[in-house]
Amino acid sequence: MGKAMLEVRELTTKYITRFHEDVYAVDHVSFTVEEGKSIGIAGESGCGKSTLALSLMGYYFPPLHYTSGDIIIDGKNISGMNPDDVRVKILGTEIAYIPQAAMNALNPTRKILKFIEDVILAHDPKQSKNDIRDLARKRFEVLNLPADVLNRHPVELSGGMKQRTVIAISTILSPKVLIADEPSSALDVTSQKLVIKMIRDMMDMGFIKSMIFITHELPLLYNVTDSILVMYAGQLVESGLAKQMIFDPVHPYSKGLMDSIIVPEEGTRDVKLTAIPGTPPNLKNPPSGCRFADRCKYAQKLCKSFEVSMRKFGEVSPEGDTSERNRAYRCLIPVHELKESYDKEREGGLSS
Amino acid sequence: MSEQAPTALASDLRQDATGIPVLSGKGVTKVFESGGKKNVAVDHVDFEFRQGELVSIVGESGSGKTTLVKMLLGLTAISEGDIYYMGTKRDISTRGKKKEYWKGIQAIFQDPFSSYNIFHKIDAVLLDCLNMRGLGKLPKEKKLELITEACSFVNLKYAELTNKYPFELSGGQQQRLMIARIFLLKPRILLADEPTSMIDACSRATILDMLLNLRNETGMMIIFVTHDIGLAYYISDAIYIMERGKFVEHGKADQVILTPTADYTKRLVNDVPKIHQPWDFSVNFGK
Ligand SMILES: Nc1ncnc2c1ncn2[C@@H]1O[C@H](COP(=O)(O)OP(=O)(O)OP(=O)(O)O)[C@@H](O)[C@H]1O
Ligand SMILES: Nc1ncnc2c1ncn2[C@@H]1O[C@H](COP(=O)(O)OP(=O)(O)O)[C@@H](O)[C@H]1O
Ligand code: SF4
Ligand SMILES: [Mg+2]
Ligand SMILES: [Mg+2]
């Protein structure tokens, strides 16, 4: 196992609404990201992905509140820190965060180089402007961003170029963890690909030591991350390597998500597209037992009365491959029974 | 425990383009002029959409898709060219003729709010559909029956919607309400401008499923406008690819997506993340 860059243990955070109701959008979430690795977070809209991102970077401003659990970055526990300290001491060097609309967040009348100066000087006020310019130039060059962008204003850049520039700015201090929340969802496919290529290059060159990538676009996640976590109603329901999760999901909810994937590839037009019926539960008042029970076609009586926890599964293969070992899921039904059901359905689907 | 998951096998529902042409165009053009500058948003496009067909128009942001849709609907004047409806040149020169045209052609828009007046209660929104179809004189019970049927078609319960406003619904429910409207309107042609862009893959599957069933039930022709090449490939009989106001390629879905000929189509298909083949980072067509 590589060195843990980010360790999250039983993290729970909530929104307190105007009506003083608690919404537990991140509920006892645990996972680890190792150095050089990236982890993806998938799930339907409203399941808590963005809240998890904000919680991880310590962005606890009302209505979001920290409740319990640990966030450990490269051995340092930041979970108790006050949000203003987090902004000064953590953002940029430990964690960088790119929200979906990052490109619109830039003040349009300032030069790109100025933003980079801000980021670096906030961290180290003694740096000279010449050194900053050299650093910025070098970084832009290796990332294939035109050097003249540094002297331009955000309004002069296209959407895709702006988003790549924002990413380059926020990671200029080579953070230990990059949290990217739908960083390319608003872009055309070609611009999206350029953004992803740049993020990959930054991982390869060590400008980012690890990454959390959030999107509901599963084919994208598959191509960007080493492993994938599936989130449902504030909880993790399954984790595994990207390949395992896309092609061999175990939890009934993950299975449902993967069955809704559409890609423009030969043969996929004749595959049955399945939708998960119903909608996720309201997090103000989550149901007891398995939160997926109302939508699950494998649900049994016990599912609603038992609090199901994440369980590890998977074996070391005869060849000594340990990758299966780190999988986990949150369901009462044994893995082999679920897989049998899926196999049967697949055969049924083909013969009918 | 749970209801049966709805499923759609698009291949069962796909059709061959043998129906009669319901909507076609020759040299359709839209020029926007501002401050002496001309912007050709739609540039001499030809097309022929047939009865029962599901056609997608695919292109990047700003390529002119929505502008074309607005011309097809008669919401925007055409700068040049002609549109033919049911074989004859379209005439929407008077209010009455326009109203008649809209009985046959309806739209679902990018922004769910633009499709209906959000300050009307849902009951009024749905009743209005019946009025538009000329069913305003039906007895009240009959109207209620039709509305209830439309709601259950999209898995909504009328009892839970009555007396509410559209903005009190969740995003997913609003999308379904739009489809319930279409169910009531039963147009000959449905224009859907990115009706799924804002939702995740899973809810998208539900919506597609409903649209395909609706098409199957009513035989209506659907024009789907999207950025999503995978989606277009999955649901369409035919695809038109739009680049900077022009159709650079069109044909059967398999042909356009699996063996594209235009550089633009090649780039679009190449740049979509794949799961069976590697996502190719090396080739770049232009840009
Ligand atoms: N009312 C208008 N006045 C002036 N220009 C317009 C108007 N509407 C659209 N345009 C221009 O026409 C071109 C095509 O726009 P259109 O909205 O049709 O694109 P689109 O393909 O629908 O894009 P998207 O995928 O982002 O929805 C653009 O250059 C746009 O700026
Ligand atoms: N500012 C807020 N106040 C109260 N509840 C919120 C707020 N933001 C999000 N939520 C709720 O938290 C849950 C998770 O939302 P979010 O993290 O945005 O999900 P995702 O990013 O997965 O779509 C949802 O139930 C949402 O309604
Ligand atoms: S615990 Fe029961 S309801 Fe929950 S996912 Fe497993 S089978 Fe379905
Ligand atoms: Mg989000
Ligand atoms: Mg548009």
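Not measured: the values here are computed from a predicted model. (Residues numbered from 1 in each chain as written. Chains lettered and ligands numbered in written order. Predicted model: local features only at pLDDT ≥ 70, side-chain atom pairs only at ≥ 80, totals over all residues. Heavy atoms only, no water.)

Moving on, we come to the overall build of chain A. In terms of helices and strands, chain A carries 11 helices and 13 strands. The C-alpha atoms of chain A give a radius of gyration of 21 Å, which matches the 20 Å a tight globule of 352 residues would have. Dimensions along the principal axes, computed over C-alpha positions, put chain A at roughly 65 × 50 × 45 Å. Across the 352 residues in chain A, those meeting the buried criterion constitute 52%. (Helix = DSSP H or I, 4+ residues; strand = E, 2+ residues; numbered from the N terminus. Rg over C-alpha atoms; globule rule 2.2 N^0.38 Å. Buried < 20%, exposed > 50% of the residue type's maximum accessible area, 1.4 Å probe, protein only.)

Turning our attention to the site of ligand 3. Residues and elements named next belong to chain A. Near ligand 3 you find His251, Pro252, Cys290, Ala293, Cys296, Tyr298, Ala299, Cys303, Cys331, Leu332 and Ile333, and these make up its full shell. Spatially, ligand 3 is embedded in the largest cavity. Here the residues of the shell around ligand 3 sort into 10 nonpolar, one polar and no charged. (Near = heavy atom within 4 Å. 1 Å grid on protein atoms, 1.4 Å probe; cavity = no way out; pocket = protein on both sides within 12 Å on 5 of 7 lines; lining within 4 Å. Sits in = over half its atoms within 2 Å of the grid points. Nonpolar A, V, L, I, M, F, W, Y, C, P; charged D, E, K, R; others polar.)

Confidence in the prediction for chain A averages 91 pLDDT; 95% of positions are at 70 or higher. Here helix H3 (residues 102-105) of chain A is the element of chain A with the lowest mean pLDDT, 78, and strand E8 (residues 211-214) of chain A is the one with the highest, 98. (pLDDT = per-residue confidence, 0-100.)

Further remarks concern the sheet that holds strand E4 (residues 64-73) of chain A. All names here are of chain A. Ordered in space as E2-E1-E4-E5, the four strands form an open sheet in which the pairing is antiparallel. In this open sheet, the two edge strands, each paired with only one partner strand, are strand E2 (22-34) and strand E5 (76-77). Contacting strand E1 (4-16), E2 and E4, helix H1 (residues 49-56) runs over the sheet at an angle of about 115° to E1. (Pairing = 2+ DSSP bridges. Contact = heavy atoms within 4.5 Å. Axes fitted to C-alpha atoms, helices over the stretch in contact; angles between N-to-C directions.)

Attention shifts here to the sheet that holds strand E6 (residues 88-89) of chain B. All names here are of chain B. Strand order in the open sheet formed by four strands is E3-E2-E5-E6, with antiparallel pairing between adjacent strands. Where the open sheet ends on each side, the last strands, each with one partner, are strand E3 (37-50) and E6. Contacting strand E2 (21-34), E3 and strand E5 (80-85), helix H2 (residues 65-73) crosses the sheet at an angle of about 60° to E3.

With that settled, the discussion passes to unusual backbone geometry. Here proline 62 of chain A and proline 63 of chain A are connected by a cis peptide whose omega angle stands at 5°. With respect to the element layout, proline 63 of chain A can be found in the loop between H1 and E4. Despite not being glycine, glutamate 10 of chain A shows a phi value in the positive range, around 50°. Looking at glutamate 10 of chain A, the relative accessible area reads 43%, which means it is partly exposed. Here asparagine 155 of chain B, not a glycine, exhibits a phi torsion of approximately 60°, which is positive. Tracing the chain through its elements places asparagine 155 of chain B in the loop between helix H5 (140-153) and helix H6 (158-161).

Turning next to the site of ligand 1. Residue and element names in this part refer to chain B. As a matter of local geometry, ligand 1 sits amid 13 residues, with Ser61, Lys65, Thr66, Thr67 and His227 nearest to it. The side chain of serine 61 places a nitrogen or oxygen atom 2.6 Å from an oxygen atom of ligand 1. Measuring from an oxygen atom of ligand 1, one finds a backbone N or O atom of glycine 64 at 2.9 Å. Protein contacts shield 61% of the accessible area of ligand 1, which totals 640 Å² for the unbound molecule. Mapped by element, the contributors of at least two residues to the shell around ligand 1 are E3 and H2. If you tally residues by element for the shell around ligand 1, the top one is H2, at three residues. (Polar contact = N/O pair within 3.5 Å; in protein donor to acceptor, adjacent residues only side chain to side chain. Areas by Shrake-Rupley, 256 points an atom, 1.4 Å probe, with all protein chains shown as cover.)

To continue, consider empty space enclosed by the protein. Residues and elements named next belong to chain A. Using the criterion set out here, one finds five cavities of 30 Å³ or more in the structure. Approximately 90 Å³ is the volume attributed to the largest cavity. The wall of the largest cavity is formed by 13 residues, among which Cys290, Cys296, Cys303, Cys331 and Leu332 lie closest to the centre. Of the residues that constitute the lining of the largest cavity, the class distribution is 11 nonpolar, one polar and one charged. Estimated volume of the second largest cavity: approximately 70 Å³. Tyr232, Gln235, Val237, His251, Gly289, Cys290, Arg291, Phe292, Glu307, Val308 and Arg330 together form the lining of the second largest cavity. Taken together, the residues of the lining of the second largest cavity break down into five nonpolar, three polar and three charged. (Points joined across faces, edges and corners; volume = space filled by probe spheres on them.)

On average, residues of chain B carry a pLDDT of 86, and 86% of them reach 70 or more. Within the model, pLDDT remains below 50 along residues 1-13 of chain B, and this stretch shows 39 contacts once partners closer than five positions in the same chain are excluded.

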